[in-house]
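Spelled out from the first residue to the last, the chains are:
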Amino acid sequence: MKDHAQPRDLDGNPVRPGLPMAMLAEITHRCPLACPYCSNPVELTRAQAELPAEDWARVFREAADLGVLQVHVSGGEPGARRDLAQIVTSAREAGLYVNLITSGIGITRDRLQELDRAGVDHVQLSLQGIRPDMADRISGHPGSWDKKMGFAGWVTEIGFPLTINAVVHRQNMDRLPDMIDLAETLGARRIEVATVQFHGWADLNRAALMPTGDQAAAARRIVNEARIRLRGRMVIDYVPADHHAIYPKACMGGWGSTGLNVAPDGTVLPCHAAQSITWMKFENVKDRALSDIWHMSDSFNAFRGTAWMSEPCRSCDRKTVDFGGCRCQAMALAGDARATDPVCSKSPLRARVVARAEEDAASDTADLIYRRMKKGG
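A short tour of the structure in this document, coming up.

Procedures and definitions
Residues numbered from 1 in each chain as written. Predicted model: local features only at pLDDT ≥ 70, side-chain atom pairs only at ≥ 80, totals over all residues. Heavy atoms only, no water. Helix = DSSP H or I, 4+ residues; strand = E, 2+ residues; numbered from the N terminus. Rg over C-alpha atoms; globule rule 2.2 N^0.38 Å. Contact = heavy atoms within 4.5 Å. Areas by Shrake-Rupley, 256 points an atom, 1.4 Å probe, with all protein chains shown as cover. Lys, Arg positive; Asp, Glu negative; His and termini not counted. Charge placed at Lys NZ, Arg CZ, Asp CG, Glu CD. Phe/Tyr/Trp six-rings, centres within 6.5 Å; stacked < 30°, edge-to-face > 60°. Lys NZ or Arg CZ within 6 Å of the ring centre and 35° of its normal. Buried < 20%, exposed > 50% of the residue type's maximum accessible area, 1.4 Å probe, protein only. Expected span 1.5 Å × (residues − 1). Arc of directions from axis to C-beta. Polar contact = N/O pair within 3.5 Å; in protein donor to acceptor, adjacent residues only side chain to side chain. Axes fitted to C-alpha atoms, helices over the stretch in contact; angles between N-to-C directions. Parallel < 35°, antiparallel > 145°, perpendicular 65-115°, else oblique. Left-handed = near helix turned anticlockwise from the far one by under 90°. Salt bridge = Lys/Arg side-chain N within 4 Å of Asp/Glu carboxyl O. Core = buried A, V, L, I, M, F, W, Y, C linked by side-chain atoms within 4.5 Å.

When helices and strands are tallied, the protein shows 13 helices and nine strands. Against the 2.2 N^0.38 benchmark of 21 Å for 377 residues, the protein shows a C-alpha radius of gyration of 20 Å, consistent with a compact globule. Expressed as lengths along the three principal axes of its C-alpha atoms, the size of the protein is roughly 60 × 50 × 50 Å. Taking contacts inside the protein between residues at least 6 apart in sequence as the whole, the part at least 24 apart equals 74%. As displayed, the protein offers around 16,300 Å² of accessible surface, 51% of which is attributable to carbon and sulfur atoms. Measuring between centres, the 46 positive side-chain charges of the protein sit 1 Å from its 46 negative side-chain charges.

And the structure:
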């Protein structure tokens, strides 16, 4: 008889969930920007479906009880919520370290000071380019560059630690050294150089955004050299262009391993793109306690551990290094979330993935499909 108290993967193998360290709280999908690589799903959650601040307060308490140490308050643009300070206060009252991930658009200096008083510990600012023309075109928001530079100045004046999120792709990757220099000039303690991940909105823009193999190789060299030069002054995190890599990234450090995402409507996800696995059911904090979802839900347990893996992952000596790669990418490129991530050199689909990436990278199109919320509905 099946033991319902024992968490099991999608094949019925017993798994042992650990404890999460971090939670991404996507409190809204509303955003003044229209970035064509946004990690939000193509079907965006509307304002009327967002969790109220009171529910977020409960979720933060449950997260802290579960073992979460830090919460990344994000969106969309979290500043689109008028009750952002209330949400931040409840996270701090739960004992969580609060990292605000923002575009900087729509948050005034006075409001930033209010967020300081509410308990924001750290600010993470996104950049779409290092020139006004590129930043405004990619973001789809005229004047965004000037607003971001003003916001970055307020961040340092108030005294927040600052991280710069620099999303790189074919249209701006050649300016990576300038991005790193800008982060240093702005007084950032950390820069995250993240190559576009081709899910959702970014997948709609593959032909315009896919970097070339030469660009990817140059980016890795530039990052490695900058890490040496800036050691002790600024940390550089790097998310590589895995379509041009030998092995896949260890997405989220392994499925249901160290972090979880809560979407604006309360849906709890192992990663931001998990809903692209359309056959999987995801539970909601409105219906079940966060601890129960983490420990016992089918969605979080599905790909925990390594017993669910098929070949070549099952016998691979890297199976506890990259955990078979990204499940969402396997779904998108192989049509099977259980498959070896097709960007891996050991995948039978690798040649097809590389050929498609090279075709996209060779495209001369610069036209973009911008992230927009559908009207009505």
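Attention now goes to the packing of aromatic side chains. The full count for this structure, using the stated rule, is five aromatic pairs. Ring centres 6.5 Å apart and planes at 70 degrees place the aromatic pair F151 and W154 in the edge-to-face group. Residue F151 and its partner W154 are both found in helix α5 (residues 144–158); the two are separated by three residues, about one turn of the helix. Three or more aromatic residues joined by ring pairs form one cluster here, namely W255, F303 and W308. Sitting above the plane of the W294 ring, R304 keeps its charged end 4.6 Å from the centroid. Taking the ring centre of Y247 as reference, the NZ or CZ of R318 above it sits at 3.9 Å.

Here we come to unusual backbone geometry. Cis peptide bonds are those with omega within 30 degrees of zero, and the linkage from G75 to G76 qualifies with 15 degrees. Mapped onto the elements, G76 comes out in the loop between β2 (70–74) and α2 (84–93). Cis peptide bonds are those with omega within 30 degrees of zero, and the linkage from E311 to P312 qualifies with 5 degrees. Turning to its location among the elements, P312 is positioned in the loop between α11 (298–301) and α12 (327–334). Unusually for a residue other than glycine, F323 sits at a positive phi of about 55 degrees. Relative to the elements of secondary structure, F323 occurs in the loop between α11 and α12. Classification of F323 as partly exposed rests on a relative accessible area of 25%.

Topologically, W56 is positioned in helix α1 (residues 53–66). As for W56 and F323, which are separated by 267 residues in sequence, their C-alpha atoms are 31 Å apart. Those residues within four positions of W56 in sequence are excluded, and the remaining contacts are A25, E26, I27, L51, R81, I87, V262, A263 and P264.

So, on to helix α9 (residues 213–229). Relative to the 24 Å expected for 17 residues at 1.5 Å per residue, α9 spans 25 Å between its end C-alpha atoms, a close match to the ideal helical length. Burial in α9 covers these residues: Q215, A216, A219, I222, V223 and A226. Within α9, the buried residues cover an arc of 125 degrees as seen down the axis, which keeps them to one side. Turned more than 90 degrees away from the buried face of α9, the exposed residues are D214, A217 and I228. In this structure, the buried side of α9 is in contact with α6 (176–185) and β7 (235–239).

Moving on, we come to the environment of Q329. Within the element layout of this structure, Q329 appears in helix α12. On the basis of relative accessible area, Q329 is assigned to the buried category, the value being 2%. A sequence separation of 123 residues divides Q329 from R206, and the C-alpha atoms of the two residues are 14 Å apart. The contacts of Q329, once residues within four sequence positions are left out, are H199, D242, H243, K249, A334, D341, P342 and V343. A polar side-chain atom of Q329 sits 3.2 Å from a polar atom in the side chain of D242.

On to the packing of α2 against helix α3 (residues 109–118). Look at α2 against α3: their axes get within 8 Å of each other, and the N-to-C directions meet at 20 degrees. One finds that α2 runs roughly parallel with respect to α3. When you trace α2 past α3, the crossing you get is right-handed. Residues L84, A85, V88, T89 and R92 of α2 pack against R111, E114, L115 and A118 of α3.

Take the side chain of E26 next. Note that E26 resides in strand β1 (residues 22–26). Buried and unpaired, E26 has no salt bridge, with R371 as the nearest side chain of opposite charge at 8.4 Å.

On to the nonpolar core, then. With 67 residues, the main nonpolar core has M23 and F60 as its most contacted residues. The leading source of residues in this core is α1, at six residues. Among residues more than four places away in sequence, those in contact with F60 are M23, A25, V71, I87, S90, A91, A94 and L96. Residues F282, A302, C313 and M331 belong to the second largest nonpolar core, which totals 17 residues.

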